Structure formats: structure tokens, C-alpha cells
Amino acid sequence: MDDMNHALKSELIKPSILYYGTPVVLLSTLNEDGTVNISPLSSSWALGDCIILGIGIGGKAFENIERHPECVINIPGPSLWENVEKLAPYTGKTNVPDYKRSIGYSYQKDKYGISELTPARSVTVKPTRIMECPIQVEAVVKHIRIPEHSPNFAIIETKAVHVHAHKEIIIEGNHIDPQKWSPLIYNFRHYFGLGKELGKSFRATT
Ligand SMILES: Cc1cc2nc3c(=O)[nH]c(=O)nc-3n(C[C@H](O)[C@H](O)[C@H](O)COP(=O)(O)O)c2cc1C
């Protein structure tokens, strides 16, 4: 594309957020009293058995992970968007940070109750899994880094130790059926499911 065409197709903008459409995850972490906190996140990526999370340092999830380096990365499908949104205005922090209070957050300890979701015991980690989420990944925290250039959040490196999947999305034993599974996508603060399939990679195994 030449420069002139490029100039016609795009414009420089300064967006306040860059949530360009990533799956929602519900992170279970262990509270100091042994109960479980749930935090909605959209900043994650997975490669091999590594799952990287972006977590604000003013939240309960970060506090919990620093104290107890285990979590469950629960991955909801589109039908759970309202349960996710029920969690959205809450933090598990008793002292709600001022900036959060000013935009409408309040304290809530019972995240399972408020979101109408159900805990299930994990195999090796202490935080519980969320039964309604079709994919639940038990993970251990391997590294926590707060970037000098952006000290409001932490980059958390985790290692998946157990992957649970609902029976109806499993195909051929150890695969997730992409025809049956859709993540819940957070697209510039709006929730979406996937559209119809466009094609598949030369490496697809299903
Ligand atoms: C769909 C959705 C996605 C979010 N993504 C993130 C995220 O990637 N990282 C983050 O720190 N907060 C994210 N948030 C905001 C947190 O959920 C919010 O700060 C919440 O209070 C965290 O709960 P906690 O303090 O109990 O951990 C997201 C919220 C929603 C509803």
C-alpha cells in the first residue's frame, strides 16, 4: 500500500484503553483466611504451559498472589458474561483504593455469592476452580515483575499444572473442540462470543 492510500485508511488516535479483544479469565486466588477471591481479567496470553497475566497492583488478586503463589485461571464462555459483569464493580480489598472508590468500586468478600458461581475443589492448588467455567487451569506462580515504565500493574508468569475441561467441549481425549468452545471476548469493554469459523491453520489437529 502506498503512503497516500495509507493516509486515507487510518488516522492517528489517542485511545484511553487498548482492550482490543482478548478472552476474559476469572482468576481464583487464596485470601488470607483460606477463602477464595475471584477477579475478572482480560490481560493474559498462553504459550506452552506458560500463562502470563497482567494484574493491577492495587487489587486483591495481586495481594493474594504475592502471599500465596497459586491460582486457578478459569475461562468462561459467552453465556457467563452476566456473571462476569456481576463481579465487575467489586474488589476483595477491604480498603478500597481511592481511585477505585471514585469510579464506583466497592468491597465484596463473597465473590462466589455475588456472581452466582460455584466452587469446586482443585487437584493440587488451594484456590478453588469455578465449576461453570468450561476450562479451568490450575497454575503456580513462577515470577512477578512490576515494569519500571508502568508500575501500576504486574506481569505475572504462571505455569499450568492441571487443565480441567467440561466433557462436552473435549474431542479425541486431550483436545478442546473449537466447534464447541468459544471464549468470552472483552472487546473495548464490550462482551462478545466468537463468530463463525473462517478456516483453520495448517497445524490444526482437530
Ligand atoms: C472483563 C474485565 C476484564 C478486566 N481485565 C483486567 C485485567 O486484565 N487486569 C486487571 O488488573 N484488572 C482487570 N479488570 C479489573 C479488575 O477485575 C478489577 O480491578 C477488580 O476490582 C479486581 O478484583 P480484586 O481487587 O478483588 O482482585 C477487568 C475487569 C473486567 C470486568
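Refer to the structure above for everything that follows.
Just so you know, these numbers come straight off a predicted model, no measurement behind them. (Residues numbered from 1 in each chain as written. Predicted model: local features only at pLDDT ≥ 70, side-chain atom pairs only at ≥ 80, totals over all residues. Heavy atoms only, no water.)

(A) Geometry of the nonpolar core. Ranked by internal contacts, the top residues of the largest apolar core, which has 21 residues, are Leu 27, Leu 53, Ile 55, Ile 73 and Ile 156. Looking at this core, the elements that each hand over two or more residues are strand S2 (25-30), strand S5 (50-56), helix H2 (60-67), strand S6 (70-75), strand S11 (135-145) and strand S12 (153-165). Among the elements that make up this core, the one with the highest residue count is S11 (four residues). Apart from the residues within four sequence positions on either side, Ile 156 is in contact with Ile 51, Ile 52, Leu 53, Ile 55, Phe 62, Ile 65, Val 141, His 143 and Ile 144. Core analysis: the second largest hydrophobic core is formed by 14 residues, Val 24, Ile 38, Leu 80 and Tyr 186 among them. (Core = buried A, V, L, I, M, F, W, Y, C linked by side-chain atoms within 4.5 Å. Buried < 20%, exposed > 50% of the residue type's maximum accessible area, 1.4 Å probe, protein only. Helix = DSSP H or I, 4+ residues; strand = E, 2+ residues; numbered from the N terminus. Contact = heavy atoms within 4.5 Å.)

(B) Expanded view of the site of the ligand. Inspection of the region around the ligand gives 21 residues, with Ser 39, Pro 40, Gly 56, Thr 91 and Gly 92 positioned closest. Contact distances for the ligand include 2.7 Å between an oxygen atom and a backbone N or O atom of Pro 40. The protein chains hide 87% of the 640 Å² of surface that the ligand would expose on its own. Counting only elements with at least two residues in the shell around the ligand, the list comes to strand S3 (36-41), S5, H2 and strand S7 (90-91). Top element by residues in the shell around the ligand is S3. It accounts for four residues. (Near = heavy atom within 4 Å. Polar contact = N/O pair within 3.5 Å; in protein donor to acceptor, adjacent residues only side chain to side chain. Areas by Shrake-Rupley, 256 points an atom, 1.4 Å probe, with all protein chains shown as cover.)

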